[in-house]
Amino acid sequence: MTLYVDYDPIEKFLVGRCGKTEKEAMYTSFREVMMLDEGMQHEDRLRWEIARWEQYMQINLTPNLKPGTRPRRLQDVLRFPWEDQMEYKAPERLTTDQKKALSSIKEMFYKN
């Protein structure tokens, strides 16, 4: 089985977005391309987060807003698609058996 990869989008990314020369782009490994892409995505998310913080602060510092209309959380200003994947889940409560096991481990730790 042969895998064909279109190199043009990869070269456009490396030369246009990452600032590499065409010669450097030719000798860039696939692993480097993946790491560069991940780094660029992280950088883009950081820029979006900064923009949201600026908007949040601008809205909250406006003196003319009616009471109760100010956003309480950053997600109230703007919700990003990657935040849906990172939803916070409350930890489950420990059972009595788990509590007993943890207390016995704690006792063993403090005895020594």
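Residues numbered from 1 in each chain as written. Predicted model: local features only at pLDDT ≥ 70, side-chain atom pairs only at ≥ 80, totals over all residues. Heavy atoms only, no water.

Quick look at a nonpolar patch on the surface now. A cluster of nonpolar side chains, Tyr7, Met26 and Tyr27, forms an exposed patch at the surface whose accessible area comes to about 380 Å². Within the secondary structure, Tyr27 is located in the loop between helix H2 (22-26) and helix H3 (30-60). (Patch = residues over 30% accessible without salt bridge, like charges linked within 9 Å, V, L, I, M, F, W, Y side chains within 5 Å. Areas by Shrake-Rupley, 256 points an atom, 1.4 Å probe, with all protein chains shown as cover. Salt bridge = Lys/Arg side-chain N within 4 Å of Asp/Glu carboxyl O. Helix = DSSP H or I, 4+ residues; strand = E, 2+ residues; numbered from the N terminus.)

It is worth spelling out H3 at this point. Structurally, the α-helix is built with 3.6 residues per turn, so residues lying three or four positions apart point the same way. With 31 residues, H3 ought to run about 45 Å at 1.5 Å a step, and its terminal C-alpha atoms sit 45 Å apart, in line with that. Along H3, the residues classified as buried are Val33, Met40, Arg52, Tyr56 and Asn60. Those residues of H3 that are buried lie in contact with helix H1 (7-17) and helix H4 (74-77). (Expected span 1.5 Å × (residues − 1). Buried < 20%, exposed > 50% of the residue type's maximum accessible area, 1.4 Å probe, protein only. Contact = heavy atoms within 4.5 Å.)

Turning our attention to the packing of aromatic side chains. Applying the stated rule across the entire model yields one aromatic pair. When the centroid spacing of 5.9 Å and the interplanar angle of 85° are considered together, the rings of Trp53 and Tyr56 count as edge-to-face. Highlighted residues: Trp53 and Tyr56, both in helix H3, separated by three residues, approximately one helical turn. We classify Tyr56 as buried; its relative accessible area is 14%. (Phe/Tyr/Trp six-rings, centres within 6.5 Å; stacked < 30°, edge-to-face > 60°.)

Let us now look at the nonpolar core. In this structure, Ile10, Phe13, Leu14, Ala25, Val33 and Met40 together form the largest nonpolar core, which totals six residues. At the level of secondary structure, the elements contributing two or more residues to this core comprise H1 and H3. The dominant element in this core, judged by the number of residues it contributes, is H1, at three residues. Those residues in contact with Leu14 that lie beyond four places of it in its chain are Tyr7, Gly19, Lys20, Ala25, Thr28, Val33 and Leu36. (Core = buried A, V, L, I, M, F, W, Y, C linked by side-chain atoms within 4.5 Å.)

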